[in-house]
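Coordinate inspection notes
Listed below are the residues making up each chain.
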Amino acid sequence: MEAIEEETKKTPLYSEHLKLGAKMTPFGGWDMPVQYEGIIKEHNATRNYAGLFDVSHMGEFYIKGKDSLEFLQSVLPQNLENLTRGQAIYCQLPNQKGGLVDDLIVYFAKGIIEDIDYLIVVNASRIKEDFDFMTSQAQNFDVEVINKSDDFSMLALQGPNSKYIIEKMGIEQNIQPKFFHFINTKLDNTPVFLTRSGYTGEDGFEIIFENKYASDLWNKILSYKEYKVSPVGLGARDTLRLEAGLPLYGHELNEETTPLESSLGYFIPKDKIHNYNGKEVILAQKLHQMPLRRKLFAFIMQDRQIARNGYEVYIEGKKAGVVTSGAPSPTLGKNIGFCMVDFNNLDGGTIQKLNNPQESIGMIIQIMVRNKLYNAEIVKKPFVHKNYIK
Amino acid sequence: MTMPDGILCSKTHEWILEEGNNAVIGLTPYAVEQLGDIVFIELPEIGSDFSKEEAFATIESVKAASEIYMPVGGKVVEVNDKLTNSPELLNEDAFDNWLVKIECNDFSQDSQGLLEYSDYLDEVE
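Residues numbered from 1 in each chain as written. Chains lettered and ligands numbered in written order. Predicted model: local features only at pLDDT ≥ 70, side-chain atom pairs only at ≥ 80, totals over all residues. Heavy atoms only, no water.

**Here we look at the overall build of chain A**
What counts, and what does not: By the criteria applied, helices consist of DSSP H or I runs no shorter than four residues and strands consist of E runs no shorter than two, each listed in order from the N terminus. We take the radius of gyration over the C-alpha atoms and set the globule estimate at 2.2 Å times the residue count to the 0.38 power. Buried residues are those whose accessible area, probed at 1.4 Å on protein chains only, stays under 20% of the maximum for their type, while exposed residues exceed 50% and partly exposed ones sit between those limits. Any two residues whose heavy atoms approach within 4.5 Å at even a single point are treated as in contact. For the accessible areas, the method is Shrake-Rupley and the probe is 1.4 Å, while residue cover comes only from the protein chains on display. His residues and chain termini do not enter the charge count, which takes Lys and Arg as positive and Asp and Glu as negative. The atom standing in for a charge is NZ when the residue is Lys, CZ when it is Arg, CG when it is Asp and CD when it is Glu.
What chain A contains, in helices and strands, is 10 helices and 19 strands. The C-alpha atoms of chain A give 21 Å as radius of gyration, which agrees with the globular expectation for 390 residues (21 Å, within 12%). Here the C-alpha coordinates of chain A stretch approximately 60 × 55 × 50 Å along the principal axes. Burial status across chain A gives 58% buried among its 390 residues. Considering only contacts in chain A between residues 6 or more positions apart, those separated by 24 or more positions represent 66%. In the structure as shown, chain A presents an accessible area of about 16,900 Å², 49% of it carried by carbon and sulfur atoms. Side chains of chain A give 44 positive and 49 negative charges; the mean places of these two sets differ by 6 Å.

Below you can see the structure in the form of structure tokens.
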């Protein structure tokens with residue numbers, strides 16, 4: 001019997017996307033715009049001017065209660081103790097094995113959003129898993145985890161002109177939030193949480209607000225034609241984040257793979273005292289006391305072939321993993337990607353080389369494209385310099 | 001973009017125009033529009049044989065790779081090399097920028113079931 005197809009959800013901007021002639025595609029249970037005028041055009045518009053993305057599918061949770069901090073300290077590898085009000089931090093949510101339930105951003109919202117302690121933004125495809133997991137973990141704490149995802153819409157305004165547009169809407173540059181900070185404010189007359197963050201490697205903002213304002217805010221931002229702002233779909237969102245070396249849950253991150261294996265070791269503190277799920281594995285890998293079973297690498301194809309998600313990777317003639325994301329890079333004019341290299345099948349010498357960035361960067365691996373092997377070079381991420389304003 | 005007279009289309013979005021014993025094959029403007037920005041085209045070698053509905057080329061857009069299928073069987077006699085270096089030309093004109101020319105095995109037999117262009121448009125739109 002055929003599975004019953006669940007109906008895809010629509011964001012409050014669905015009809016705006018259709019008006020703009022967007023091509024729609026299912027993504028994480030949502031019917032989302034994949035492109036308006038073309039992926040390359042939208043990609044370049046974001047890098048050079050400004051791109052506006054509907055990311056209303058993403059989830060928002062509120063955390064409140066006496067034990068809010070203690071609870072988050074028990075589920076996240078990052079140390080939230082020294083976070084200042086209005087500051088945000090990129091975190092992972094590990095399971096007991098050290099694999100990831102999701103990756104997310106935590107905003108310290110006490111005194112900024114009424115009545116709550118933290119705002120958390122999570123991946124659309126993981127809202128239910130995250131909520132169930134966090135709720136189950138919260139049982140022994142005096143804390144409430146509230147799923148606000150259906151109440152809020154979210155826009156991302158990304159690219160060098162973003163700050164001018166936000167200024168036009170009433171927030172002068174000198175009072176705009178700094179990188180990975182947020183404020184509770186009004187854009188024109190619309191109440192929003194305005195954060196300096198994004199998923200493109202460019203300076204920019206993410207704007208969270210009640211659903212009823214979605215169309216007005218979307219159209220208002222797009223009206224600033226002097227700043228060449230374009231609507232941008234998920235197609236360019238993917239090439240932009242890939243160039244910036246940013247992982248996507250379900251591709252570079254999953255329940256089986258630890259943050260160290262997904263090359264997120266940079267975000268794992270060595271000295272966090274609190275216990276958190278998966279700490280034994282995550283910390284041991286961070287301290288090189290436990291070997292990685294696999295590792296994520298960034299690569300550039302050496303010819304015109306494009307590696308795609310799921311293509312096989314070969315190292316020294318042996319099958320050694322899969323491509324997790326791959327696409328042409330409009331900025332570099334080369335074909336780039338991430339691959340998860342499985343250490344199971346490789347000999348000790350090769351694994352040692354792969355574990356040493358001085359030796360692994362520049363290594364040539366092979367990727368199977370339509371039954372033929374093509375060379376790719378392991379490179380340092382990001383592929384493209386990040387233009388954050390810090 | 002001018003549509004050549006007398007083309008037939010497959011349900012997998014290839015167009016074909018018979019020229020004597022040979023035929024020109026391309027991808028329909030509808031398919032190109034659906035794919036979006038085309039960034040890579042892999043064409044077959046001259047002399048290779050393909051049967052009807054066999055994959056003979058790959059076209060990659062930013063998002064994905066797609067196989068292109070033979071609307072009729074035949075042997076490749078010419079490939080449009082221009083597209084290998086400038087795949088984006090296909091986005092500009094899908095009729096002018098054909099993919100391959102073939103020597104047909106049996107056009108009248110193989111072309112049964114292909115659609116007139118107007119019928120094809122009715123199917124896809």
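**Quick notes on the sheet that holds strand β1 (residues 8-9) of chain B**
Residues and elements named next belong to chain B. What counts here: Whether two strands pair comes down to DSSP finding at least two bridges between them.
Here we have seven strands laid out as an open sheet, ordered β5-β8-β9-β3-β2-β1-β10, and antiparallel in their pairing. The open sheet is flanked by β5 (49-50) and β10 (115-116), the only strands paired with a single partner. Relative to strand β3 (residues 22-27), strand β2 (residues 14-19) is paired through six bridges, and the arrangement is antiparallel. Bridging across to β3, Ile-16 finds its partner in Ile-25.

**A short note on unusual backbone geometry**
All names here are of chain A. Along the chain, Lys-381 connects to Pro-382 via a cis peptide bond; the corresponding omega equals 0 degrees. Backbone geometry places Asp-115, a non-glycine residue, at a positive phi of 75 degrees. Within the element layout of this structure, Asp-115 appears in the loop between β6 (100-108) and β7 (118-122). Look at Asp-115 and you get exposed, because its relative accessible area is 58%. Unusually for a residue other than glycine, Asp-188 sits at a positive phi of about 50 degrees. For Asp-188, the position within the fold is in the loop between β10 (182-187) and β11 (190-195). The class for Asp-188 is partly exposed, based on a relative accessible area of 33%.

**A short note on the pairing of strand β16 (residues 318-329) of chain A**
Residues and elements named next belong to chain A. Of all 12 residues in β16, nine are buried, a share of seventy percent or more. Of the pairings in the sheet, the one linking strand β15 (residues 312-315) to β16 comprises three bridges and is antiparallel in character. Among the inter-strand pairings, Ile-315 is bridged to a residue of β16, identified as Lys-318. Taken together, β15 and the strand that follows it, β16, pair antiparallel across an intervening segment of two residues, in which Glu-316 is found at a positive phi of about 50 degrees. In the sheet, β16 pairs with strand β17 (residues 334-342) via eight bridges, with the strands oriented antiparallel. Residue pairing across strands places Ala-327 opposite Ile-336, the latter belonging to β17. Here β16 hands over to β17 after four residues, with Gly-333 in that stretch at a positive phi of 70 degrees.

**Some details on the interface of chain A and chain B**
The test is simple: As a working definition, buried area equals the accessible area (1.4 Å probe) given up by two parts on being put together, with both sides summed. A carboxyl oxygen of Asp or Glu within 4 Å of a side-chain nitrogen of Lys or Arg is what we treat as a salt bridge. For the purposes of these results, a polar contact is taken to be a pair of N or O atoms within 3.5 Å, where, inside protein, one atom must be able to donate a hydrogen and its partner to accept one; residues adjacent in sequence count only when each atom of the pair is a side-chain atom.
On the side of chain B, 18 residues touch chain A, which itself brings 18 residues to the contact. Carbon and sulfur atoms make up 49% of the area that chain A and chain B hide from each other, which totals about 1,400 Å². Three residues stand out in chain A for area buried against chain B, namely Arg-304, Arg-308 and Arg-370 of chain A, and they jointly supply 42% of the buried area on that side. Here chain A is connected to chain B by three salt bridges. Close ionic contact of Arg-308 of chain A with Glu-60 of chain B constitutes a salt bridge, the shortest N to O distance being 2.7 Å. Remark: the boundary between chain A and chain B carries 13 residue pairs in polar contact (both at pLDDT 80 or more). The set of elements that each furnish at least two residues to the side of chain A that touches chain B consists of β2 (30-35), α2 (39-48), α7 (234-243) and β16 of chain A.

**Describing the sheet that holds strand β5 (residues 88-94) of chain A**
All names here are of chain A. Going by this rule: Lines fitted to C-alpha atoms define the axes, with helix axes restricted to the stretch in contact, and inter-axis angles between N-to-C directions lie between 0 and 180 degrees.
One open sheet holds the five strands; their spatial order is β5-β6-β7-β4-β8, and the pairing between them is antiparallel. A strand with exactly one partner marks an edge of an open sheet, and here the two such strands are β5 and β8 (144-147). Across this sheet, the average inter-strand angle for adjacent strands is 30 degrees, counted without regard to direction. Looking at chain direction, β5 and β6 are connected through seven bridges and run antiparallel. When the bridges of β6 are listed, Cys-91 appears paired with Leu-104. Where helix α3 (residues 68-75) meets the sheet, it contacts β4 (59-64), β5, β6, β7 and β8, and its direction lies at approximately 30 degrees from that of β7.

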